[in-house]
2 protein chains.
Amino acid sequence: MMLKESGRNRTQVKIAWHCTCFNIRRASRSVTEYYDSVLAPSGVRATQFTMLGAAALMGPASVTRLAERLALDRTTLTRNLRVLAEEGLVTISAGKDRRERVVQLTEAGQTAIDRATPLWHKAQSRLIENLGEQRWRRMIEDFADLSDLLEENSD
Amino acid sequence: MMLKESGRNRTQVKIAWHCTCFNIRRASRSVTEYYDSVLAPSGVRATQFTMLGAAALMGPASVTRLAERLALDRTTLTRNLRVLAEEGLVTISAGKDRRERVVQLTEAGQTAIDRATPLWHKAQSRLIENLGEQRWRRMIEDFADLSDLLEENSD
DNA sequence: ATCATTTAAGTGTATATACATCTTTTTAAT
DNA sequence: ATTAAAAAGATGTATATACACTTAAATGAT
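Keep in mind the model is a prediction, meaning the values are calculated, not measured.

Glancing now at helix 6 (residues 74-86) of chain A. Each α-helix turn comprises 3.6 residues. Residues three or four places apart therefore point the same way. The first and last C-alpha atoms of helix 6 of chain A sit 18 Å apart over 13 residues, in line with the 18 Å expected at 1.5 Å per residue. One or two positions beyond helix 6 of chain A, positive phi appears at Gly88 of chain A, with a value near 75°.

Near DNA strand D there are 28 residues, and of these Glu33, Thr64, Arg74 and Arg79 of chain A together with Thr47 of chain B occur at the shortest range. The protein-proximal atoms of DNA strand D, defined as those within 4 Å of the protein, are 66% sugar or phosphate. Take Arg25 of chain A: an N or O atom from its side chain is 2.7 Å from a sugar or linking oxygen of DNA strand D. Between DNA strand D and Arg29 of chain A, the relevant distance is 3.1 Å, taken from a phosphate oxygen to a side-chain nitrogen or oxygen of the residue. Every element with two or more residues in the surface near DNA strand D is listed here: helix 3 (20-39), helix 5 (63-70) and helix 6 of chain A together with helix 4 (46-58) and helix 6 (74-86) of chain B. A class-by-class count of the residues in the surface near DNA strand D yields three nonpolar, nine polar and 16 charged.

As a further point, take the interface of chain A and chain B. The interface of chain A with chain B comprises 64 residues on the first partner and 64 residues on the second. Where chain A abuts chain B, roughly 6100 Å² becomes buried across the two surfaces, and 65% of that area is made up of carbon and sulfur atoms. Two residues, Arg135 of chain B and Asp142 of chain A, come together in a salt bridge whose shortest N-O distance is 2.6 Å. Across the contact surface, chain A and chain B share 22 residue pairs in polar contact (both at pLDDT 80 or more). Contributions of two or more residues to the side of chain A that touches chain B are made by helix 1 (2-13), helix 2 (15-18), helix 3, helix 4 (46-58), helix 5, helix 7 (107-131) and helix 8 (133-150) of chain A. A per-element tally of the side of chain A that touches chain B places helix 3 of chain A first, with 16 residues. A breakdown of the residues in the side of chain A that touches chain B according to their chemical character gives 31 nonpolar, 19 polar and 14 charged.

So, how was this worked out
Residues numbered from 1 in each chain as written. Chains lettered and ligands numbered in written order. Predicted model: local features only at pLDDT ≥ 70, side-chain atom pairs only at ≥ 80, totals over all residues. Heavy atoms only, no water. Helix = DSSP H or I, 4+ residues; strand = E, 2+ residues; numbered from the N terminus. Expected span 1.5 Å × (residues − 1). Near = heavy atom within 4 Å. Polar contact = N/O pair within 3.5 Å; in protein donor to acceptor, adjacent residues only side chain to side chain. Nonpolar A, V, L, I, M, F, W, Y, C, P; charged D, E, K, R; others polar. Contact = heavy atoms within 4.5 Å. Buried area = accessible area lost by both parts, 1.4 Å probe. Salt bridge = Lys/Arg side-chain N within 4 Å of Asp/Glu carboxyl O.

What follows is the structure, encoded as structure tokens:
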């Protein structure tokens, strides 16, 4: 009985360290902290830099369109945008379709992007250097494929 | 002037989609939602399954030791553990060293692990199948290397 | 023995994230 | 034209995450 229990535990217990979810979440935390630390002087975080970049890329766009572009839940984006709006980096206003709210980068938002971009380059290039261009490229592909494989595909 | 502006925007704006941080975060969201959806019937989330697994693996351990094992900020773990404690899956009690709090899996915690493990296997094996064993193995290595490279290395 | 230092943990605060549900507005079906 | 269905968004709730700071206990230097 005692031995059986130990055996079960020893087996099950190691599961966690091969878990794809655990491993990618850990890596994601590390990468985020790294980018955040490099971007810190600009006053925007990595996630915010991404959102501002999307807003700049798309021009005035609805919350839903932005959320699709960022592969983020709409409600997540709503709340993340609130922070940017409070800081004056984007405006959120009513659209022609009155259900829609149009997100738009402000001057201050563009300035923030300009401030953050060189730092982002620093973070990005140092990481690529450390990994090797080849391997980094492969990783980015892997990330994209993982997302494509799993997004909206429970079955 | 107009053209210069557009040129700048067009360049900067594409940055976000090559960003390592954005890409790994997106993939991490997808993977997490996938594992969460498969684990749902067990009543534990992917992150909780990992924490329970760590508690099972280590036996009674301090918050700091657990946090190190999980590569999580100590304060993050404190709060995540609170949820597990409220559900009776772990106990958190004073240690011999009175600064320490000892985390310990309960019977109910072990039951939860037992309930979740087959589901975890299902999620994990389906993902590996879809990626191919070879490629999956490589990814796990990449994740680990990313973490090792970036953890505690702001320099 | 006393006190400065280090260590363990918790709290305040803030962001990031998503699901379930509600409200408002538009679109489609009749 | 009226009403049912769909779409866009926000809110309630809950977890996950980390930094700056505080509190309490142990350790070490004298």
